[in-house]
Amino acid sequence: MIPEAVVPQSAADAPGTVTRTTGQRRLIGALVGTNAAGYISIAVPMNLLLVTHLTAIAGAAATSAFSLVTGIGGLVGLLANPLGGRVSDRTAARFGRRRTWILTGGLGAAILVTTMGWTTEVWQVALGWALITALVMFQLAASAALAADQVAPERRGAASGVVAFVALAGPALGFAVVSAMPAVPRLQWGVVGVLSAAGVLMAVLLVRDPRHRPPADEPRLSPAIILRSYWVSPRKHPAFGWAWAVRFLITAAWASNSYLAFVFTQRFAVPAGAVPGMIFLLTLIGIACVAVTAWLTGWLSDKIRRQKPFVLAGGLVLAAGLVLVALSPSIPVVYLGTAIMSLGYGTFLATDFALCLRMLPDPESAGKDFAVLNIASTLPVAVVPFVAPALLAAGGFLAMFACLAVLSVAGAVSVLRVPDIGQEGQPRFAAMDRDVG
């Protein structure tokens with residue numbers, strides 16, 4: 001049993017002090033709720049509802065419309081996440097600097113998701129998706145900062161495993177409920193919005209987030225400070241820079257997941273009506289794989305106090321799955337390749353979150369700094385849809401999946417430049433640090 005954290009009132013009130021005021025079990029529950037809400041709001045539309053909705057609106061141009069909509073959304077997310085982290089760090093509301101944005105961002109996104117079924121033009125879908133993405137990014141920036149604030153160091157591997165599991169389990173819940181509903185777009189979008197809102201409310205009810213009292217000498221927000229929200233110097237903080245590169249490259253490889261529905265319809269001529277059930281089956285396979293890897297590797301990383309081997313293995317396994325999907329001659333091979341991809345990505349996610357928490361330069365700017373790391377997660381969502389049409393035109397799905405597999409290998413190897421737990425001050429890493437720049 002993990003005891004509730006008790007924080008003296010004087011410590012909680014000290015300006016600029018980061019305190020752990022939520023018991024670890026309640027905190028994990030809150031992280032489950034908010035991350036599930038965010039991933040449901042993004043992943044279910046990205047992998048299913050946007051595909052079917054744009055197919056109905058744009059017909060033969062659905063692939064291009066999908067790339068446009070998700071590309072714009074990715075760019076908006078790229079800008080919104082660091083801004084949300086900076087604003088979260090500076091928020092002094094009584095409701096708490098993290099809870100405030102988990103609630104407003106997550107609930108706002110859930111409300112907008114329910115309206116997407118009424119869109120009838122591609123530009124309307126693009127606008128709505130951009131707003132949803134911005135709000136979810138504010139929510140997830142605050143959620144990551146909450147973990148940095150309050151997860152105990154010896155629990156970071158377990159927390160990372162939970163977040164990894166929720167990354168697929170949350171959307172799977174959304175897919176399950178949507179698949180069980182009649183094929184009425186407005187009803188399906190509404191269900192996703194309700195599920196997201198429930199996760200947000202669960203999180204804000206569980207977490208304790210004392211009012212932030214900023215230091216007296218803290219400068220007011222200015223355009224220059226806002227612009228600095230998008231940057232952490234890799235010269236001053238090289239380990240942070242390498243952690244960013246690892247996350248970007250492996251997440252870019254995983255972004256191929258959004259195109260599996262098109263693999264079914266275009267490579268194997270699967271009718272559009274059969275795709276939701278197949279995507280749901282793929283999601284169940286992914287959950288089973290991540291359930292094994294996330295929990296096990298998260299626990300093991302805490303137990304043996306090592307993170308890099310798991311990130312390295314995860315990136316290499318993900319690459320192997322991508323190659324198998326690229327060469328798949330039949331639908332069962334796509335399932336097998338996706339299962340291998342999920343094993344690799346789950347292994348990566350289960351320790352990457354904990355690894356990134358160690359790389360944050362300053363606890364007082366955890367929201368902003370982790371949001372810069374999250375650029376590495378959101379940027380691929382913007383870049384891959386814009387690059388994918390060129391790769392598809394050049395060599396079809398084989399070229400696209402093979403190129404992304406190369407990125408996954410590069411990300412796995414890059415983790416060797418990041419110090420492992422307890423190695424941060426060793427000379428060999430300091431020598432590497434001097435070489436970066």
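Residues numbered from 1 in each chain as written. Predicted model: local features only at pLDDT ≥ 70, side-chain atom pairs only at ≥ 80, totals over all residues. Heavy atoms only, no water.

As annotated in an unreviewed UniProt entry, the protein chain carries the name MFS transporter and is attributed to Amycolatopsis mongoliensis. A UniProt comment under Subcellular location (unreviewed entry) is attached to the protein chain, and it reads "Cell membrane". (UniProt positions renumbered as here; feature names shortened; annotations may be inferred.)

### Some words on the overall build of the protein chain
Of the regular secondary structure elements, the protein chain holds 15 helices and zero strands. Partitioning the intrachain contacts of the protein chain with sequence separation of at least 6 by distance along the chain shows that 82% fall at a separation of at least 24. Taken as a whole, the protein chain presents about 17,100 Å² of accessible surface, with 70% of it coming from carbon and sulfur. (Helix = DSSP H or I, 4+ residues; strand = E, 2+ residues; numbered from the N terminus. Contact = heavy atoms within 4.5 Å. Areas by Shrake-Rupley, 256 points an atom, 1.4 Å probe, with all protein chains shown as cover.)

### What about the packing of aromatic side chains?
On inspection of all chains with the given rule, the structure shows nine aromatic pairs. Ring geometry for W244 and F248: centres 5.5 Å apart, planes at 10°, overall stacked. One end of the pair is W244 and the other is F248, both in helix α9 (residues 238–254) and four residues apart, which spans about a single turn. Here a set of aromatic residues connected by ring pairs shows up, and it is made of F66, Y259 and F262. A cation over a ring is seen here: R99 above F95, with NZ or CZ 4.0 Å from the ring centre. (Phe/Tyr/Trp six-rings, centres within 6.5 Å; stacked < 30°, edge-to-face > 60°. Lys NZ or Arg CZ within 6 Å of the ring centre and 35° of its normal.)

### A closer look at the packing of helix α10 (residues 260–267) against helix α14 (residues 366–414)
Where α10 contacts α14, the two axes come as close as 11 Å, and the packing angle between them is 155°. As judged from the angle between their axes, α10 and α14 are roughly antiparallel. As for how α10 packs across α14, the hand of that crossing is left-handed. Across from L260, F262, V263, Q266 and R267 in α10, the residues of α14 making contact are F397, L398 and F401. Among the residues making up the contact of α10 with α14, the classes are represented as six nonpolar, one polar and one charged. (Axes fitted to C-alpha atoms, helices over the stretch in contact; angles between N-to-C directions. Parallel < 35°, antiparallel > 145°, perpendicular 65-115°, else oblique. Left-handed = near helix turned anticlockwise from the far one by under 90°. Nonpolar A, V, L, I, M, F, W, Y, C, P; charged D, E, K, R; others polar.)

### Focus on the confidence of the model for the protein chain
In this model, the protein chain carries a mean pLDDT of 82, and residues with pLDDT of at least 70 account for 87%. Confidence, read as mean pLDDT per element, is least for helix α1 (residues 9–13) in the protein chain (35) and greatest for helix α4 (residues 99–115) (95). Across residues 1–18, where pLDDT falls below 50, the model places 35 contacts with residues more than four positions away in sequence or in other chains. Predicted confidence for residues 431–437 stays below pLDDT 50, and this span has nine contacts to residues more than four positions away or in other chains. (pLDDT = per-residue confidence, 0-100.)

### Observations regarding helix α3 (residues 62–90)
Taking 1.5 Å of rise per residue, the 29 residues of α3 would be expected to cover 42 Å, and the 41 Å separating its terminal C-alpha atoms lies within 8% of that figure. Burial within α3 is extensive, with 21 of its 29 residues counted as buried. (Expected span 1.5 Å × (residues − 1). Buried < 20%, exposed > 50% of the residue type's maximum accessible area, 1.4 Å probe, protein only.)

### A closer look at unusual backbone geometry
Backbone geometry at A269 places phi at a positive 55°, although glycine is not the residue there. Tracing the backbone shows A269 in the loop between α10 and α11 (275–304). Exposure remark for A269: the relative accessible area of 61% places this residue in the exposed category.

### Topic: a nonpolar patch on the surface
The grouping of L75, V383, F386 and V387 at the surface amounts to a nonpolar patch, some 320 Å² of accessible area in total. It is α14 that contributes the most residues to the nonpolar patch, three residues altogether. With respect to the element layout, V383 can be found in helix α14. (Patch = residues over 30% accessible without salt bridge, like charges linked within 9 Å, V, L, I, M, F, W, Y side chains within 5 Å. Salt bridge = Lys/Arg side-chain N within 4 Å of Asp/Glu carboxyl O.)

### Describing the environment of L324
With respect to the element layout, L324 can be found in helix α12 (residues 308–327). L324 gets classed as partly exposed once you look at its relative accessible area, which sits at 26%. Counting along the chain gives 16 residues from L324 to I340, while the straight-line C-alpha distance between them is 8.7 Å. Setting aside anything within four residues of it in sequence, one finds L324 in contact with V333, L336, G337 and I340.

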